Each structure stands twice: as structure tokens, then as C-alpha cells.
Amino acid sequence: VLNGTGQGLVNNLCVPSRISPHYAPSGRHLVSATVLDTSHNEAELAERVQQEMGGWFGDQVRSWRHLKTYRIDQALPNADAPAFDPPVHPPRLRENVFLCGDYRANGSLNGALQSGRLTADAVLNARPA
């Protein structure tokens, strides 16, 4: 789930236990929220995130239990100019070989999405080399 509002602490959220049920006890789920603002202490941050999630998912969030906070310094590559304006590499390497990934554009979710879109378009419009 991506937060496209530009408001709040949570940037995105995922439920890894929907991918593998082994990530949580039977009948339960593991929810992971990504927060970019690191200015809060752990207890305050957990409380504010849970309140925000209540706005997204309703009262069920009250039963959620905070397990762990991981602070990951330098989780993303340098975003200073010109990092977000690098040359975009063509997705087609050779006939029937197409590449995509953030390393083909810039190291970010946007770079990964842009590269994926360009590669999908190239595959759809591919003609034999």
C-alpha cells in the first residue's frame, strides 16, 4: 500500500505474511510499515503509526501489536541532483532479452517502476531483431 497523499508518517505498508504464512503465527499477519521521518523516539513513533493506520484500516488496528522498529540509515542511494536524472538505459539487450530494475534508471521505487514500465512497453512492441 503506497501513501500517495503526501501526508502522515507512513510512506508505504506491506503484509509479508500474505506472501508466506510462515512469517506469522497461524491466523495472524505480519504488517510492515515504512516511515521516512526518523525524528521520533521508538515508543512515540509506534503510537503515531498505529493511529495513522487506524485512519487507513479502521478500529481493527487497535488489536495490532508493535513488534520491532528498525532504523536503516542510508536505506536509499544519494538522491541529490543529478542522481534522479541519470541516463535511462534501453530495456532491450538483444532479441528476446529485456532488462529492468532501478539500476537501469535510478536507485528508487520510482526508478524501478519507470524501468518496469519501459520494459513492459518494449516487450509489447517488440519486433524480431
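Look a little higher up for the structure.
Residues numbered from 1 in each chain as written. Predicted model: local features only at pLDDT ≥ 70, side-chain atom pairs only at ≥ 80, totals over all residues. Heavy atoms only, no water.

1. Description of the environment of Asp37
Stated precisely, the cut-off is as follows: In this text, helices come from DSSP runs of H or I with a minimum length of four residues, and strands from runs of E with a minimum of two, each type numbered from the N-terminal end. Each residue is placed in one exposure class: buried if its accessible area under a 1.4 Å probe, protein chains only, is under 20% of its type's maximum, exposed if it is over 50%, and partly exposed if it falls in between. Any two residues having at least one pair of non-hydrogen atoms within 4.5 Å are treated as being in contact. Whenever two N or O atoms come within 3.5 Å, that pair is a polar contact, provided that in protein one can donate a hydrogen and the other can accept it, and provided that, for residues adjacent in sequence, both atoms are side-chain atoms.
Tracing the sequence through the fold places Asp37 in the loop between β2 (32–35) and α1 (42–57). Using a relative accessible area of 31% as the deciding quantity, one classes Asp37 as partly exposed. Each C-alpha atom of the pair Asp37 and Gly8 lies 9.6 Å from the other, and the pair is 29 residues apart in sequence. Ignoring sequence-local partners within four residues, the contact set of Asp37 consists of Leu9 and Leu45. Within the structure, Asp37 has its side chain in polar contact with the side chain of Ser39 (distance 2.7 Å).

2. Let's talk about the environment of Gly54
Inspection of the secondary structure puts Gly54 in helix α1. Classification of Gly54 by relative accessible area gives partly exposed; the value is 25%.

3. Looking at the side chain of Thr119
Mapped onto the secondary structure, Thr119 falls in helix α2 (residues 109–124). In this structure the side chain of Thr119 is engaged in a polar contact, spanning 2.8 Å, whose partner is the backbone oxygen of Leu99.

4. As for the nonpolar core
To keep things clear, this is the line we draw: Think of a nonpolar core as a cluster: buried Ala, Val, Leu, Ile, Met, Phe, Trp, Tyr and Cys residues, connected wherever their side-chain atoms sit within 4.5 Å.
Judged by nonpolar contacts, Leu9, Val10, Leu13, Leu45, Val49, Met53 and Val61 together constitute the single largest core of seven residues. Broken down by secondary-structure element, the contributors of at least two residues to this core are β1 (10–14) and α1. Among the elements that make up this core, the one with the highest residue count is α1 (three residues). Excluding anything up to four places from it in sequence, Leu13 contacts Val1, Val31, Ser32, Ala33, Met53, Trp56 and Phe57.

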